[in-house]
Amino acid sequence: MTANYHTHTPRCGHAVGSEREYIERAIEGGIKTLGFSDHAPYSFDKPGKYPNVRMEPSELPGYAETLFSLRNEYRDRLSLHLGVEAEFYPKYFYALINDLRSCGVEYMILGQHFLGNEIGEPGSMAATCDPSVLDRYVSQVMEGLETGLFTYLAHPDVLRFEGDPHEYDRLYRKLCVRARELNVPLEINLLGIKNGRHYPNEAFWRIAGEEGNTVILGSDAHRPEDTWMPEIELRALSLVEKYSLHLIDDIKLRQI
Ligand SMILES: [Zn+2]
Ligand SMILES: [Zn+2]
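Residues numbered from 1 in each chain as written. Chains lettered and ligands numbered in written order. Predicted model: local features only at pLDDT ≥ 70, side-chain atom pairs only at ≥ 80, totals over all residues. Heavy atoms only, no water.

A. Here's a closer look at the overall build of the chain. Secondary structure summary: the chain contains eight helices and eight strands in total. Here the C-alpha radius of gyration of the chain, 17 Å, is about what a compact globule of 256 residues would show, namely 18 Å. Sequence-distant contacts, at least 24 apart, represent 80% of the contacts inside the chain between residues at least 6 apart. Total accessible area on the chain stands at roughly 10,600 Å², and carbon and sulfur atoms take up 49% of it. A gap of 1 Å separates the mean positions of the 27 positive and 39 negative side-chain charges of the chain. (Helix = DSSP H or I, 4+ residues; strand = E, 2+ residues; numbered from the N terminus. Rg over C-alpha atoms; globule rule 2.2 N^0.38 Å. Contact = heavy atoms within 4.5 Å. Areas by Shrake-Rupley, 256 points an atom, 1.4 Å probe, with all protein chains shown as cover. Lys, Arg positive; Asp, Glu negative; His and termini not counted. Charge placed at Lys NZ, Arg CZ, Asp CG, Glu CD.)

B. Structural view of the state of the cysteines. Inspection of the entire model under this criterion finds zero disulfides. Take C12: it sits in no disulfide, and the sulfur closest to it among the cysteines is that of C103, at 18 Å. (Disulfide = S-S within 2.5 Å.)

C. Looking closely at the packing of aromatic side chains. Applying the stated rule across the entire model yields 14 aromatic pairs. Taking the centre distance of 5.1 Å and the plane angle of 85° together, the rings of F44 and Y92 count as edge-to-face. Taken together, the positions of F44 in the loop between β2 (33-39) and α2 (60-73) and Y92 in the loop between β3 (79-86) and α3 (93-102) put the pair 48 residues apart, joining distant regions of the chain. Members of the aromatic cluster, each reached through a chain of ring pairs, are Y137, F161, Y168, Y172, F204 and W205. (Phe/Tyr/Trp six-rings, centres within 6.5 Å; stacked < 30°, edge-to-face > 60°.)

D. Broad picture of the coordination of the zinc ion (ligand 2). Protein-derived ligands of the zinc ion (ligand 2) are H6 (NE2), H8 (NE2), E85 (OE) and D220 (OD), with the metal-ligand distances lying across 2.1 to 2.2 Å. When the donor residues of the zinc ion (ligand 2) are listed from N- to C-terminus, their spacing reads H-x1-H-x76-E-x134-D. Separating the zinc ion (ligand 2) and the zinc ion (ligand 1) is a distance of 4.3 Å. No difference in accessibility class separates H6 from H8, as the two residues are buried. (Donors = N, O, S within 2.8 Å, 3.2 Å for Na, K, Ca; no water. Buried < 20%, exposed > 50% of the residue type's maximum accessible area, 1.4 Å probe, protein only.)

E. Spotlight on the coordination of the zinc ion (ligand 1). Here the zinc ion (ligand 1) is held by the protein donor atoms H14 (NE2), H39 (NE2) and H222 (NE2), which lie 2.0 to 2.2 Å from it. Written as a sequence motif, the donor residues of the zinc ion (ligand 1) are H-x24-H-x182-H.

F. Structural detail: the pairing of strand β6 (residues 186-189). Judged by which residues are buried, β6 turns out to be covered on both faces: L186 and I188 on one side and E187 and N189 on the other are all buried. Relative to strand β7 (residues 214-218), β6 is paired through four bridges, and the arrangement is parallel. Within the sheet, the bridge partner assigned to N189 lies in β7 and is G218. (Pairing = 2+ DSSP bridges.)

G. How the structure looks around helix α4 (residues 131-146). Here α4 spans 22 Å end to end across 16 residues, near enough to the 22 Å set by a 1.5 Å rise per residue. The elements touched by buried residues of α4 are β4 (107-110), β5 (150-153) and α5 (165-181). At the C-terminal side of α4, G148 shows a positive phi close to 75°. (Expected span 1.5 Å × (residues − 1).)

H. View of the side chain of T33. Tracing the backbone through its elements, the reader meets T33 in strand β2. When near neighbours in sequence (up to four residues on either side) are disregarded, T33 contacts T2, A3, N4, Y5, S79, H81 and D250.

I. Highlighting the packing of α4 against α5. Running from N to C, α4 and α5 point in directions that differ by 0°, and their axes come no closer than 10 Å. In terms of orientation, α4 lies roughly parallel with respect to α5. In contact with P131, L134, D135, Y137, V138, V141, M142, L145 and E146 of α4, α5 contributes E167, Y168, L171, Y172, K174, L175, R178 and A179. The class makeup of the residues in the contact of α4 with α5 is 12 nonpolar, no polar and five charged. (Axes fitted to C-alpha atoms, helices over the stretch in contact; angles between N-to-C directions. Parallel < 35°, antiparallel > 145°, perpendicular 65-115°, else oblique. Nonpolar A, V, L, I, M, F, W, Y, C, P; charged D, E, K, R; others polar.)

J. Up close: the nonpolar core. Counting 78 residues, the largest nonpolar core has M108, Y137, Y172, I188 and W205 as the members making the most contacts within it. Among the elements that line this core, the one with the most residues is α4, at seven residues. Each residue touching Y137, except ones within four places of it in the same chain, is listed here: Q112, L115, S124, H155, P156, D157, V158, L159, Y172 and L175. Within the second largest apolar cluster, nine residues are counted, among which are A3, Y5, Y152 and I251. (Core = buried A, V, L, I, M, F, W, Y, C linked by side-chain atoms within 4.5 Å.)

K. The environment of A127, seen in detail. Along the chain, A127 turns up in the loop between β4 and α4. By relative accessible area, which is 48% here, A127 ends up partly exposed. Linking A127 and R160, residues 33 residues apart in sequence, is a C-alpha distance of 4.9 Å.

L. Structural context of the pattern of salt bridges. A full pass over the atoms with the stated rule returns 21 salt bridges. A salt bridge links R71 to E106; the shortest N-O distance between them is 3.2 Å. With R71 in helix α2 and E106 in the loop between α3 and β4, this pair connects stretches of sequence that are 35 residues apart. (Salt bridge = Lys/Arg side-chain N within 4 Å of Asp/Glu carboxyl O.)

Here it is as structure tokens:
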């Protein structure tokens, strides 16, 4: 792994360590390109339901300033990029984009942790056997990808559907086909492997292999040591091999 675009900071409320520690760990692992993608500072028109999920809008300028300064300091050792991981929430999306642009944020990855516009909606990690929930997830993610603003799709298999395997296949395949048409890579999430989460789900990656999707690894680091996880990386690579996935090591950022 020479590039990782999925890195958090404590601003989201559930990560630890300084940016410098994440950078040093990346250098230790031979990573040449490091992107920070903390959880996007959505402004809701009423309090969000879920605390400690994302940075506050007021923290965005400091996030940008800190990373621009470190980018300059480390410019001879690795290339640093400023991004966010964002859900696609139609109601609030374009206000977010304006805020991100005004602070010089370069890229976004899509991580659809909740449905709808978050408030009052189910989370993607909650197990469900209802195909209509997976259908909503797939439609919402496709709509997000169709904006052309997302560099890649993080943990595409985050929606925890445990119902009819035929529905799993039909709906997730629809997502894989659309992602391929739009030329958006799918991320194998290393934190999911490390923490034994329901993703990466082999049923999903089998489909991605059959549909010829492009795949990238993302560490999803929430602590500095997770920026480079050699043993977890090997497990991800065995998934790549098992399902003949088209792995890319680096990616051209889609400017927002
Ligand atoms: Zn997180
Ligand atoms: Zn993440």
